[in-house]
Amino acid sequence: MVEKEIIELLLQKDEKGIDALLQHYGPLMRYIMTPILPNPQDREDCLSEVTLRIWDKAELFNGQRGSWNAWLTAITRNTALNHKRNLSRHNSLEEIPENTPSSEPTPEDIMIQQERQAAIRRALQQLSERDQMLFYRKYYYLQSTAQIASELGMTERAVEGKLYRLKKRLRKILGGEAHE
């Protein structure tokens, strides 16, 4: 079954779409979740959450804005991060005093974060595709250096060196952007 057929089944709310989604994209979704959620039970719970979210939001996918894989991996990653945050909140046994300020970001914080993200995206576009993928694997998908090295056929030391040079180059690009 091809991507378009799976999307169509999900849009029609046909349960075969969920089966096809899990069969074709389940391994990719688990791959993305593994560095974020090392516990297999947490990953399975999260996979259910991701599947439900994709089922509910399939109509929001827009092929003109990006690929199906990019949309799917973004939902998977964000759901896994939210799942991890929720787990850490529920595992915290401390009581929070009533006068504790909200941990929610202010509108100013949100705007600053969006500006930073845009600057980072612009800086990343100046890198080679291979360097961009290395950056995303380490800092977006939170993969371990060992996993990256193994999958790219490099030593861990080589990956660490490449990441160090990559961060240094990004700092230089972002530093130059701040002065424009």
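No experiment lies behind these values; they were computed from the predicted model shown.

**Topic: the pattern of salt bridges**
What the rule picks out here adds up to three salt bridges. For Arg30, the salt bridge is made with Glu44, and the minimal N-O distance between the two is 3.1 Å. With Arg30 in helix α2 (residues 16-33) and Glu44 in helix α3 (residues 40-57), the pair connects residues that are 14 residues apart, well separated along the chain. The class for Arg30 is partly exposed, based on a relative accessible area of 32%.

**Quick word on the packing of helix α1 (residues 3-11) against α2**
Running from amino to carboxyl end, α1 crosses α2 at an angle of 145 degrees, the nearest separation of the two axes being 8 Å. The hand of the α1/α2 crossing is left-handed. Across the interface between the two elements, Glu3, Ile6, Leu9 and Leu10 of α1 pack against Lys16, Gly17, Ile18, Ala20, Leu21, His24 and Tyr25 of α2. Here the contact of α1 with α2 is composed, by residue class, of seven nonpolar, two polar and two charged.

**Side note on the environment of Arg171**
With respect to the helices and strands, Arg171 occurs in helix α8 (residues 156-178). For Arg171, a relative accessible area of 55% corresponds to the exposed category. Taking the C-alpha atoms as reference points, Arg171 and Ile120, separated by 51 residues in sequence, lie 9.7 Å from one another.

**Observations concerning α2**
At Tyr25, α2 shows its maximal kink, close to 60 degrees; a proline, Pro27, follows between one and four residues later. The complete set of buried residues in α2 reads Gly17, Ala20, Leu21, Tyr25, Gly26, Met29, Ile32 and Met33.

**A look at the side chain of Arg137**
Note on placement: Arg137 falls in helix α6 (residues 129-140). A polar contact is formed between the side chain of Arg137 and the side chain of Gln143, at a distance of 2.8 Å.

**Overview of the packing of α2 against α3**
In contact at an axis separation of 10 Å, α2 and α3 are set at 130 degrees when each is read in the N-to-C sense. Of the possible angle classes, the one that applies to α2 and α3 is oblique. Crossing handedness for the pair α2 and α3: right-handed. Residues Ile18, Leu21, Leu22, Met29, Arg30 and Met33 of α2 form the contact with α3, whose own contacting residues are Arg43, Glu44, Cys46, Leu47, Val50, Thr51, Ile54 and Trp55. The class makeup of the residues in the contact of α2 with α3 is 10 nonpolar, one polar and three charged.

What counts and what doesn't
- Residues numbered from 1 in each chain as written.
- Predicted model: local features only at pLDDT ≥ 70, side-chain atom pairs only at ≥ 80, totals over all residues.
- Heavy atoms only, no water.
- Salt bridge = Lys/Arg side-chain N within 4 Å of Asp/Glu carboxyl O.
- Helix = DSSP H or I, 4+ residues; strand = E, 2+ residues; numbered from the N terminus.
- Buried < 20%, exposed > 50% of the residue type's maximum accessible area, 1.4 Å probe, protein only.
- Axes fitted to C-alpha atoms, helices over the stretch in contact; angles between N-to-C directions.
- Left-handed = near helix turned anticlockwise from the far one by under 90°.
- Contact = heavy atoms within 4.5 Å.
- Nonpolar A, V, L, I, M, F, W, Y, C, P; charged D, E, K, R; others polar.
- Bend = angle between axes of the 7 residues up to and from the residue.
- Polar contact = N/O pair within 3.5 Å; in protein donor to acceptor, adjacent residues only side chain to side chain.
- Parallel < 35°, antiparallel > 145°, perpendicular 65-115°, else oblique.

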